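Listed below are the residues making up each chain.
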Amino acid sequence: MAASLSDLDYSILQQCMHCGMCLPTCPTYDATKRERNSPRGRIALMRAVADGDLQPSWEFADEMSYCLGCLACQTACPAGVQYGQLLETARAQVEHWGIDKSPMRTFWRTLTLRVLFTSPWLLRLAGRLLRLYQQTGAQSLVRRLGLTRLLPANLRRLEPQTPAIATSFSHEIIKENEQPSATDQPAKRVALLTGCVQDLVFSDINRDTVDVLLANGCSVHTPASQPCCGSLHAHNGEHELAASLARRMIDLLPPDDFDAIITNAGGCGSHLRQYTALLADDPAYADRARSWDRKIRDIHEWLLETGFRTPSAPPYEAPATVTYHDSCHLAHGQKVARQPRELLRGIPGVELVELAEASWCCGSAGVYNITQPEQSASLLARKVSNIQKAALKSGVTLLAQSNPGCHLQIQRGLREAGIPVMVTQPVSILAEAYRRESKDRAGSQHS
Ligand code: SF4
Ligand code: SF4
């Protein structure tokens with residue numbers, strides 16, 4: 001993959017025919033109505049850089065940072081412009097120029113991208129320390145005493161967004177190899193990717209995913225320690241690091257050993273399908289990267305493709321009205337939008353109500369809520385308002401989605417607005433239905 005716009009295959013930069021069909025789908029253009037904040041405007045800027053007509057500038061860097069990378073424009077584009085690839089290359093170009101550097105920014109980027117998100121054990125250690133801080137009540141005390149005022153302004157703003165760390169991580173609640181109970185079909189062998197944020201904050205969703213796969217006759221391999229998939233690095237202009245993490249991932253899970261490699265996080269999944277492009281120039285990995293991309297499946301996609309078993313029990317005592325938010329990188333990056341909805345419709349006792357602007361970004365977008373807090377907050381308010389309307393009009397009590405970033409962002413927005421809608425994943429609802437089915441079966445055997 002090209003590390004600068006001038007190295008990029010020029011035909012990719014020429015694909016845009018300036019039709020403007022993408023403009024109404026772009027949240028940043030919608031917010032400002034300025035051409036430079038639109039996909040078309042940004043592509044023109046990128047082409048000017050590639051042609052040497054635009055010199056390194058802070059304005060260009062800022063424009064690439066203001067883009068959410070939501071890829072709604074890619075879905076809308078009739079010319080098949082590969083906007084995601086363009087944006088990643090443009091961000092790598094900005095890093096290469098180094099014009100956006102400050103000691104503080106370099107410190108945080110090094111700590112997160114180069115240290116924590118390249119070392120699974122260090123990331124878990126950081127998670128454990130944070131969990132200790134939260135579970136001992138120290139976090140509440142610090143907040144009550146107003147000590148967060150002592151933090152630098154940026155950290156003070158982010159502090160309320162600190163996620164609650166899970167009581168156990170994935171490897172503590174999932175065995176490396178789990179087998180389905182007796183089945184007359186030969187079991188499919190799949191591997192599960194546990195993710196980074198998903199592992200630290202939503203390991204229960206990883207457990208639910210394993211339970212659903214087992215209930216559908218799959219044997220599941222979940223390595224206890226997994227590297228980051230590199231998505232965060234690729235989206236932030238660190239191609240070399242992203243490529244090295246992709247190699248580690250392929251070494252850990254050789255694709256030919258599995259029928260599918262399953263991901264349940266929309267943002268990771270979108271990047272995990274890009275290993276072919278990322279490692280195209282590496283003769284030792286190019287073939288394996290192609291096999292890898294062929295084996296990657298989002299969990300909903302896999303369940304629909306293999307025909308998931310309808311549970312015989314509903315997930316909850318009372319019927320549930322659920323709405324669904326599309327994670328950008330699941331819907332636009334992976335084109336998986338129909339499958340989660342079909343899955344929800346296939347669960348007894350669940351009614352799916354469409355959410356207005358379901359595929360409009362919630363403002364999480366990787367680290368966008370850190371780099372562009374105002375625009376992120378405005379997108380979150382819009383999403384929360386649509387969910388509130390669905391709750392008032394249709395009695396929605398659950399919002400299903402499939403990305404840890406969206407999960408945290410929307411959960412916080414709903415909590416702060418006092419809206420009693422719980423955020424979950426389709427696969428967790430399905431897992432709950434299978435659990436109730438087993439309980440009912442055990443109950444009827446005893447009676
Ligand atoms: S990725 Fe999203 S924010 Fe960026 S140009 Fe495309 S639609 Fe607009
Ligand atoms: S829809 Fe595609 S071709 Fe048309 S302006 Fe947008 S990016 Fe260019």
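Residues numbered from 1 in each chain as written. Chains lettered and ligands numbered in written order. Predicted model: local features only at pLDDT ≥ 70, side-chain atom pairs only at ≥ 80, totals over all residues. Heavy atoms only, no water.

> Please clarify how the side chain of Gln375 should be interpreted in this entry.
If you trace the backbone, Gln375 turns up in helix H23 (residues 373–394). Classification of Gln375 as buried rests on a relative accessible area of 10%. The residues contacting Gln375, other than those within four sequence positions of it, are Pro27, Thr28, Ala31, Tyr66 and Tyr368. (Helix = DSSP H or I, 4+ residues; strand = E, 2+ residues; numbered from the N terminus. Buried < 20%, exposed > 50% of the residue type's maximum accessible area, 1.4 Å probe, protein only. Contact = heavy atoms within 4.5 Å.)

> Quick question: what am I supposed to make of the packing of aromatic side chains here?
Both the distance between ring centres and the angle between the ring planes are used here to describe each pair of aromatic rings. The final tally for this structure, using the stated rule, is three aromatic pairs. A centroid spacing of 5.2 Å and a plane angle of 15 degrees characterise the contact between Tyr275 and Trp292, whose relative ring orientation is stacked. Taken together, the residues span a long stretch of sequence, with Tyr275 in helix H17 (residues 275–278) and Trp292 in helix H18 (residues 286–295) at a distance of 17 residues. Look at Tyr275 and you get buried, because its relative accessible area is 0%. Look at Trp292 and you get buried, because its relative accessible area is 0%. Between Arg288 and the ring centre of Tyr285, over which it is positioned, the NZ or CZ distance is 4.3 Å. (Phe/Tyr/Trp six-rings, centres within 6.5 Å; stacked < 30°, edge-to-face > 60°. Lys NZ or Arg CZ within 6 Å of the ring centre and 35° of its normal.)

> Where do I start with the environment of Arg131 in this structure?
Tracing the sequence through the fold places Arg131 in helix H8 (residues 120–135). With 37 residues separating them along the chain, Arg131 and Ser168 place their C-alpha atoms 9.8 Å apart. Reaching out from Arg131, the side chain makes a polar contact with the backbone oxygen of Thr167 at a distance of 3.0 Å. (Polar contact = N/O pair within 3.5 Å; in protein donor to acceptor, adjacent residues only side chain to side chain.)

> Where do I start with the site of ligand 2 in this structure?
Within the structure, ligand 2 sits among 13 residues, and Cys16, Cys19, Gly20, Cys22 and Cys77 are positioned closest to it. When the residues that make up the shell around ligand 2 are grouped by side-chain class, the tally is ten nonpolar, two polar and one charged. (Near = heavy atom within 4 Å. Nonpolar A, V, L, I, M, F, W, Y, C, P; charged D, E, K, R; others polar.)

> Any chance you could explain the site of ligand 1 here in plain terms?
All residues adjacent to ligand 1 are Cys26, Pro27, Thr28, Pro39, Arg42, Cys67, Leu68, Gly69, Cys70, Leu71, Cys73 and Tyr83. Breaking the shell around ligand 1 down by element, the ones donating at least two residues are helix H2 (27–32) and helix H3 (39–51). Its residues assigned to classes, the shell around ligand 1 comprises nine nonpolar, two polar and one charged.

> Got a minute to help me understand the sheet that holds strand E8 (residues 398–400) in this structure?
For sheets, the rule is that strands pair by backbone hydrogen bonds, running either parallel or antiparallel. An order of E7-E6-E8-E9 is seen for the four strands of this open sheet, with the pairing classed as parallel. Unpaired on one side and paired on the other, strand E7 (350–354) and strand E9 (422–424) mark the two borders of the sheet. Across the sheet, the axes of successive neighbouring strands diverge by a mean angle of 35 degrees, strand direction being ignored. Both strand E6 (residues 320–324) and E7 contribute to a ladder of five bridges, which runs parallel. Each bridged residue has a counterpart across the sheet, and for Thr323 the counterpart in E7 is Val353. Sitting on the sheet, helix H24 (residues 404–417) touches E8 and E9, and the angle it makes with E9 is about 175 degrees. (Pairing = 2+ DSSP bridges. Axes fitted to C-alpha atoms, helices over the stretch in contact; angles between N-to-C directions.)

> Explain the sheet that holds strand E5 (residues 296–298) to me, please; I cannot follow it from the model alone.
Strand order in the open sheet made by the five strands is E1-E3-E2-E4-E5, with mixed pairing throughout. Either end of the sheet is taken by a strand with one partner, and the two such strands are strand E1 (177–178) and E5. The pairing of strand E2 (residues 188–192) with strand E4 (residues 260–263) spans three bridges and is parallel. In the strand pairing of E4, Val190 is matched with Ala260. Across the face of the sheet, helix H13 (residues 203–215) comes into contact with E1, E2, strand E3 (218–221) and E4 while running at roughly 150 degrees to E3.

> Mind showing me how you'd approach unusual backbone geometry here?
Across residues other than glycine, the phi torsion is negative in most instances, and most of the peptide bonds are trans. One non-glycine residue with positive phi stands out, namely Lys33, at about 60 degrees. In this fold, Lys33 is placed in the loop between H2 and H3. The phi dihedral of Ala365 falls on the positive side, at around 45 degrees, and the residue is not glycine. Take Ala365: it is sitting in the loop between E7 and helix H22 (368–371). Residue Ala365 is classed as partly exposed on the basis of its relative accessible area of 26%.

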